[in-house]
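# Structural description and commentary
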Amino acid sequence: MSVSLKDFLEACEKLGTVRLIVTSSAAVLEARGRIEKLFYAVLPKGRYANMHTEGFEFHLNMDKITQVKFETGEAKRGNFPTYAIRFLDENQEPALSVFLQWGKPGEYEPGQVEAWQALKEKYGEVWQPLAVEI
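Presented here is an overview of the structure given in this document. It should be emphasised that the depicted structure is a prediction, and the values quoted were computed from it without experimental measurement.

Cut-off values and rules
- Residues numbered from 1 in each chain as written.
- Predicted model: local features only at pLDDT ≥ 70, side-chain atom pairs only at ≥ 80, totals over all residues.
- Heavy atoms only, no water.
- Helix = DSSP H or I, 4+ residues; strand = E, 2+ residues; numbered from the N terminus.
- Buried < 20%, exposed > 50% of the residue type's maximum accessible area, 1.4 Å probe, protein only.
- Pairing = 2+ DSSP bridges.
- Axes fitted to C-alpha atoms, helices over the stretch in contact; angles between N-to-C directions.
- Salt bridge = Lys/Arg side-chain N within 4 Å of Asp/Glu carboxyl O.
- Expected span 1.5 Å × (residues − 1).
- Arc of directions from axis to C-beta.
- Contact = heavy atoms within 4.5 Å.

## Focus: unusual backbone geometry
Although it is not a glycine, Lys 37 sits at a positive phi angle of roughly 55°. With respect to the helices and strands, Lys 37 occurs in the loop between strand E2 (28-34) and strand E3 (39-43). You will see that Gln 92, though not glycine, has its phi angle at about 65°, which is positive. Using a relative accessible area of 42% as the deciding quantity, one classes Gln 92 as partly exposed.

This is the structure in structure tokens:
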């Protein structure tokens, strides 16, 4: 699929409440929220997608993302499926993971899983985004 990461991120607004996860060698940061009201900036380090909410700020260097991958799994606590989108860097390591967020274990928002599945069908299980134009 030939589409930019900017277009894909904007399509992710349909996912409802998600858990954004960033892992480093020493820490894991998780934030719950919705992907919405994105704005973009070109900085010396790259082209960024940005989002400000009451609880957190989000900045993604879109130039560093070489692949996007859809994954399903099983919850670590509970017997229900999980739905993730991995934004991979040049080393094929997750730079960002976006999981559908449940309320009670296994209870997703109405239409949330269907929105994730529709994105997966549209973009494919794994795809390389085009260079971003801002």
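## As for the sheet that holds E3
An order of E3-E4-E5 is seen for the three strands of this open sheet, with the pairing classed as antiparallel. Two strands close off the open sheet at either side, each with one partner strand: E3 and strand E5 (57-61). In this sheet, adjacent strand axes meet at a mean angle of 25° when their direction is disregarded. Across five bridges, the pairing between E3 and strand E4 (residues 46-52) is antiparallel. Paired with Val 42 across the two strands is Arg 47, which belongs to E4.

## So, the pattern of salt bridges
Counted by the stated rule, this structure contains six salt bridges. In this structure, the salt-bridge partner of Glu 10 is Lys 6, at a minimum N-O distance of 3.6 Å. With Glu 10 and Lys 6 both in helix H1 (residues 5-11) and four residues apart, this pair spans about one turn of that helix. Accessibility expressed as a relative area gives 31% for Glu 10, which makes it partly exposed.

## Focus: helix H2 (residues 112-123)
Here H2 contains twelve residues, and its C-alpha end-to-end distance of 17 Å stays within 8% of the 16 Å for a straight helix at 1.5 Å per residue. Taken residue by residue, H2 has Gln 112, Val 113, Ala 115, Trp 116, Leu 119 and Tyr 123 as its buried positions. Here the buried residues of H2 occupy an arc of 165° about the axis, which is enough to place them on one side. Seen from the buried face of H2, the exposed residues on the opposite side, beyond 90 degrees, are Glu 114, Glu 121 and Lys 122. Looking at the packing, one finds that the buried side of H2 touches H1, strand E1 (17-23), strand E6 (67-74), strand E7 (81-88), strand E8 (94-100) and strand E9 (126-127). With its phi angle positive at about 95°, Gly 124 sits one or two positions after the end of H2.

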